[in-house]
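Inside the fold
Residues per chain are reported as follows:
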Amino acid sequence: MSTEPTNLAAALSAFDQLWSPRVVTTVNDYDVRVAKVAGEHVWHAHDDTDEFFLVIDGELRIALREPDGERTVVLEKGSVFVVPRGVEHKPSSEHGASLLLFEPSGTSSVGDRHDEIPDHVDATTGHALD
């Protein structure tokens, strides 16, 4: 963990890969990650942890499979949303977005249960920021 400030715009400009989060720092046992996204992710769920999303730029849609049925939340720039543990969800962004995520260190970007992972999705626990 760095003892110097991290500029999120600079961190995001350091990579181009979509759906491939970078760890910018850690807080206790949690990673603070940034990611660039566009198109669709996969349906997945995190059985043991909530997932926090902050949209830095662009717009993110998160489809949710809840006990009462499916719904989609729309997060515009500056919006935050928490997907509760165990809820199947599928993030997507038609025009692209930049995100900040909080997840326990070691949490896979495709959760514990997921659809088949397409080539454009990096199933990872987060890459170190270069």
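Residues numbered from 1 in each chain as written. Predicted model: local features only at pLDDT ≥ 70, side-chain atom pairs only at ≥ 80, totals over all residues. Heavy atoms only, no water.

1. Overview of the overall build of the protein
Our working rule: Numbering of helices and strands runs from the N terminus, with a helix taken as a DSSP run of H or I at least four residues long and a strand as a DSSP run of E at least two residues long. Each radius of gyration is computed over the set of C-alpha atoms, and the globule rule expresses the reference value as 2.2 Å times the number of residues to the power 0.38. Each residue is assigned to one of three classes by its accessible area relative to the maximum for its type, calculated with a 1.4 Å probe on protein chains only: buried under 20%, partly exposed between the two thresholds, exposed over 50%. Note that accessible areas follow from Shrake-Rupley with a 1.4 Å probe, and for residues the cover is restricted to the protein chains shown.
The helix and strand tally for the protein stands at 1 helix and 9 strands. Going residue by residue from the N terminus, the α and β elements of the protein occur as α-β-β-β-β-β-β-β-β-β. Taken against the 2.2 N^0.38 rule, which gives 14 Å for 130 residues, the C-alpha radius of gyration of the protein at 14 Å falls within 12% of a compact globule. With the principal axes as the frame, the protein shows a C-alpha extent of 45 × 30 × 30 Å. In the protein, which comprises 130 residues, the share counted as buried stands at 41%. Summed over all atoms, the accessible surface of the protein reaches about 7,100 Å², with 47% contributed by carbon and sulfur.

2. Digging into a nonpolar patch on the surface
Note the threshold: Patches were defined on residues exceeding 30% relative accessible area and lacking a salt bridge, with like-charge contacts within 9 Å and nonpolar side-chain contacts (Val, Leu, Ile, Met, Phe, Trp, Tyr) within 5 Å. Salt bridge criterion: a side-chain nitrogen from Lys or Arg within 4 Å of a carboxyl oxygen from Asp or Glu.
Together, Val27, Tyr30 and Phe102 give the surface a local cluster of nonpolar side chains, amounting to about 250 Å² of exposed area. Mapped onto the fold, Val27 is located in strand β1 (residues 22-27). Judged by its relative accessible area of 41%, Val27 is partly exposed.

3. Concerning the pairing of strand β6 (residues 80-83)
Selection criterion: Pairs of strands are assigned from DSSP output, requiring at least two bridges between the strands.
In β6, alternate side chains face the same way, and those of Phe81 and Val83 are buried while those of Val80 and Val82 on the opposite face are not. The pairing of strand β4 (residues 51-66) with β6 spans 4 bridges and is classified as antiparallel. In the sheet register, Phe52 faces β6, and the bridge partner there is Val82.

4. Some remarks on the nonpolar core
So the rule is basically this: The term nonpolar core refers to a set of buried residues drawn from Ala, Val, Leu, Ile, Met, Phe, Trp, Tyr and Cys, joined through side-chain atoms within 4.5 Å.
One finds Phe53, Leu60, Ile62, Leu75 and Leu99 to be the most contacted residues of the largest nonpolar core, which totals 16 residues. The element contributing the most residues to this core is β4, with 5 residues. By size, the runner-up hydrophobic cluster in this structure holds 7 residues, among which are Ala11, Leu12, Phe15 and Val24.

5. Section: the pairing of strand β2 (residues 30-40)
Of the pairings in the sheet, the one linking β1 to β2 comprises 5 bridges and is antiparallel in character. Note that in β2 the partner of Val23 across the bridge is Arg33. With antiparallel pairing between neighbouring strands as the criterion, β1 and β2 make up a hairpin whose turn holds 2 residues, including Asn28 at a positive phi of roughly 55 degrees. Note: β2 against strand β7 (residues 88-104), 10 bridges, orientation antiparallel.

6. What to know about the confidence of the model for the protein
What counts, and what does not: The predictor attaches a confidence to each residue, called pLDDT, with possible values from 0 through 100.
On average, residues of the protein carry a pLDDT of 90, and 91% of them reach 70 or more. Per-element confidence in the protein ranges from a low mean pLDDT of 68 for strand β8 (residues 113-114) to a high of 98 for β6.

7. Considerations on the environment of Ile117
The residue Ile117 is located in the loop between β8 and β9 (127-128) in this model. The sequence separation of Ile117 and His41 amounts to 76 residues, and the corresponding C-alpha distance is 8.6 Å.

8. Considerations on the pattern of salt bridges
With the rule as written, the count across this model stands at 9 salt bridges. Linking Asp31 and Arg33 is a salt bridge whose minimum nitrogen-to-oxygen distance equals 3.1 Å. Arg61 is the salt-bridge partner of Glu59, the closest N and O atoms lying 3.7 Å from each other. A relative accessible area of 32% places Glu59 in the partly exposed class.

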